[in-house]
Amino acid sequence: MSSSSGPLNEELQCSICLDVFTDPVTTPCGHNFCKTCLNKCWTNTQSCFCPLCEEQFSKRPDLEINTKLIEVVQHFKEKLNLGKSEVLWDFCDERKQKAVKSCLTCPSSYCETHLEPHLRVPRLKKHTLINAVENLEDYVCRKHERPLELFCRDDQTCVCLFCTEGDHRTHNTVPIEEESRKKKIQLVQTQTDVQQIIQNRMKKIEEIQHSVELRKRNTEEEKSASVELFTDLIRSIERCQSELLKITELKITELKRRNTELEQLSHTDDHLHLLQMFSSLYSHVHTKNWTEISIDCDVNVYSLKNVLIQLEKTLDGTLNKTVSTGLKCVQKFAEDVTLDPDTANPYLILSDDGKQVSDGDIKQDVPENPKRFDDCSCVLAKQGFSSGRFYYEVQVKGKTEWSLGVARECINRKGTITLTPEDGFWTVILRNENQYTACDNPPVSFSLRETPEKVGVFVDYEEGLVSFYDVESSSHIYSLTGQTFTDKLYPYFNPCHNNEGRNSNPLIISPVN
């Protein structure tokens, strides 16, 4: 409030909110306060006292609004045209000022001018001040409406002083500043570990890429000696290397994101926020020594037959461990997906909960809808995604044919469709029980050692990545990389034709464990 309004201004100020009185009431000791401010000050207290002179009252006074004081306040507001002022932050009614501190005891936020009483008045100096925050309610105990000043190490949660007299009476509690300092030390060490892991994995990627180039040069010199055997080995190594690179790069992206969050959290002065976020970020970091992984590119062609099986076992063992870690990583982005009946082909049967779809052989009586597929027996999910990462799992057990993946919103839904990225589909399909194809550009046919019973689909929108996993064996099936997404993406399901009962099992959207 402007100092030009003179001493009268101070006489018409509530000493709690430091603003002109609203519904002023008078205590027995003769001091005036806003009715709401005084009631808030006496909330959850066993005794009542004057916030200004601290006189104790034997019982809670009956507060009546001081009508004469209201008239004076109204006249004063009209005179200074305060009725048109805009309320900024909590109690600042002059030109917009940035709050510098939040008081957890009041609870309110104050600009530098209105903070002054908290630095001068003895009783207000006892209040708990923190750097200004918008979500002030997160810093106050919801049960007792008192500042969260302590940390319970038994329950790993922030508590107020009243909590230590109740549910946390026998627990080990410390000031949040003390616990915050301890956690920061752990965060710094974790950040160092993450950075080292990133460096190790980036180095391993360079080594693998170098081995690929070296092997290509050696191939031209040696392949004439044993073309068929060498080709088998090359394909085996390239398959493992390609999948290892994709999973490693995905893990590096996740580690870099975590490193950024750790960096931000390790420099914060907000002790409560640090403790609330600590458990989710300070999880165990996979610290496998990636220098153990190596590929020998100087193998003589005539000895390839003896090392082929052992090499594949080594690569597959390394890959399976890596993919298992990668699968756990992407499962964190699981979304609750349900089928959209407005898009389902008329021959499809959907369960009431929208989690299962199968081919019914008989055309259903469904309304016309521009979103509906009228020729291809497929259906989209209700949920669409235009940014970030998402993941879902589908049970395909007992099926001989299916198609899964994602499709963009503006795809063609009428007549024959083509499952290609150019046409807005990123999918993997199964035909004839064991013939798998990734609908990439160009399409890639491949076989799997184990028949998946549950398939996981992961999408990183910004990275242009769509990956498929065999959930039960924690193995990677295929990844479409380097894609460009501009429209909203929807999970895509095609249970394929019933085939006289041989493919009657439904596709089932499963909860992610």
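You'll find the structure just up there.
The following paragraphs examine the structure supplied in this document. No experiment lies behind these values; they were computed from the predicted model shown. (Residues numbered from 1 in each chain as written. Predicted model: local features only at pLDDT ≥ 70, side-chain atom pairs only at ≥ 80, totals over all residues. Heavy atoms only, no water.)

A few words on the overall build of the protein chain. Check the secondary structure of the protein chain and you find 8 helices and 23 strands. Relative to its full complement of 513 residues, the protein chain shows a buried share of 45%. Counting contacts in the protein chain only where the partners sit at least 6 residues apart, residues at least 24 apart contribute 62% of the total. Counting every atom, the protein chain has about 27,900 Å² of accessible surface; 47% of that belongs to carbon and sulfur. (Helix = DSSP H or I, 4+ residues; strand = E, 2+ residues; numbered from the N terminus. Buried < 20%, exposed > 50% of the residue type's maximum accessible area, 1.4 Å probe, protein only. Contact = heavy atoms within 4.5 Å. Areas by Shrake-Rupley, 256 points an atom, 1.4 Å probe, with all protein chains shown as cover.)

This next bit is on the side chain of Glu393. By the element assignment, Glu393 lies in strand 14 (residues 389-395). One buried charged residue, Glu393, remains without a salt bridge, the closest side chain of opposite sign being Lys454 at 4.4 Å. Contact partners of Glu393, with chain neighbours within four places excluded, come to Gln331, Lys454, Val455, Gly456, Val471, Ile508, Ile509, Ser510, Pro511 and Val512. (Lys, Arg positive; Asp, Glu negative; His and termini not counted. Salt bridge = Lys/Arg side-chain N within 4 Å of Asp/Glu carboxyl O.)

Our focus in this paragraph is the pattern of salt bridges. Side-chain pairs of opposite charge can arise whenever the charged atoms involved come near each other. Considering all chains together, one arrives at 9 salt bridges under this definition. Among the salt bridges present, the one from Glu179 reaches Lys183, with a minimum N-O distance of 2.2 Å. A residue pair is termed a helical-turn pair when its members lie 3 or 4 positions apart in one helix, as Glu179 and Lys183 do in helix 5 (residues 176-222) at 4 residues. We note that Glu179, like Lys183, is buried. Each of the salt bridges in this network shares a partner with another, and the network as a whole consists of Arg153, Glu178, Glu179 and Lys183.

What follows is about the side chain of Asn503. Residue position: Asn503 is located in the loop between strand 22 (489-494) and strand 23 (507-510). Beyond its immediate chain neighbours, meaning those up to four positions away, Asn503 contacts Lys399, Thr400, Glu401, Pro495, Cys496, His497 and Asn498.

It is worth spelling out the sheet that holds strand 5 (residues 99-103) at this point. Reading across from one edge, 6-5-7 is the order of the 3 strands in this open sheet, with antiparallel pairing throughout. The open sheet is flanked by strand 6 (108-111) and strand 7 (129-131), the only strands paired with a single partner. Strand-to-strand, the axes of this sheet are offset by a mean angle of 35°, without reference to chain direction. Bridge analysis of strand 5 against strand 7 gives 3 bridges, and the strand direction is antiparallel. Paired with Ser102 across the strands is Ile130, a residue of strand 7. (Pairing = 2+ DSSP bridges. Axes fitted to C-alpha atoms, helices over the stretch in contact; angles between N-to-C directions.)

In total, this model carries 10 aromatic pairs according to the counting rule given. On the numbers, 6.0 Å between centres and 10° between planes, the contact of Phe446 with Tyr478 is stacked. Taken as a pair, Phe446 in strand 18 (residues 444-446) and Tyr478 in strand 21 (residues 475-480) lie far apart in primary sequence, 32 residues in all. Following the ring pairs from residue to residue traces out a cluster consisting of Trp402, Tyr436, Phe446 and Tyr478. (Phe/Tyr/Trp six-rings, centres within 6.5 Å; stacked < 30°, edge-to-face > 60°.)

Tracing the backbone shows Ile417 in the loop between strand 15 (402-408) and strand 16 (425-431). Classification of Ile417 as buried rests on a relative accessible area of 15%. Separated by 44 residues in the primary sequence, Ile417 and Phe373 have C-alpha atoms spaced 9.4 Å apart. Once you skip the residues sitting within four places of it in the chain, Ile417 turns out to touch Phe373, Cys376, Cys378, Asn412, Phe425 and Tyr492.

Here we take up unusual backbone geometry. Cis geometry is adopted by the peptide bond preceding Pro442, which originates at Asn441 and carries an omega value of 5°. Within the secondary structure layout, Pro442 lies in the loop between strand 17 (435-438) and strand 18. Unlike most non-glycine residues, Glu54 shows phi in positive territory, near 65°. Given the relative accessible area of 37%, Glu54 is considered partly exposed. Backbone geometry at Asp361 places phi at a positive 70°, although glycine is not the residue there.

Before going further, it helps to spend a moment on the nonpolar core. Membership of the largest hydrophobic core comes to 35 residues, with the highest contact counts inside it found for Trp402, Leu404, Val455, Val466, Phe468, Phe493 and Leu507. Once residues lying within four places of it in the same chain are set aside, the contact partners of Trp402 are Val396, Val428, Ile429, Leu430, Arg431, Tyr436, Val455, Asn494, Cys496 and Leu507. Counting residues in each nonpolar core, the second largest holds 29 residues, with Leu104, Val174, Ile198 and Leu265 among its members. (Core = buried A, V, L, I, M, F, W, Y, C linked by side-chain atoms within 4.5 Å.)

Pairing is antiparallel in the open sheet, where 3 strands are placed in the order 9-8-10. Each having just a single partner strand, strand 9 (157-159) and strand 10 (173-175) make up the two edges of the open sheet. Neighbouring strand axes in the sheet, compared pairwise and without regard to direction, differ in orientation by 35° on average. Relative to strand 9, strand 8 (residues 150-152) runs antiparallel, the two being bridged by 3 bridges. Across the sheet, residue Leu150 finds its bridge partner in strand 9, namely Val159.

Burial within strand 22 is extensive, with 6 of its 6 residues counted as buried. As judged from the 2 bridges shared by strand 13 (residues 379-380) and strand 22, these two strands associate in the antiparallel manner. In the strand pairing of strand 22, Val379 is matched with Phe493. Summarising the sheet, strand 15 and strand 22 pair through 6 bridges and their orientation is antiparallel. Bridged to Val406 within strand 22 is Pro491.

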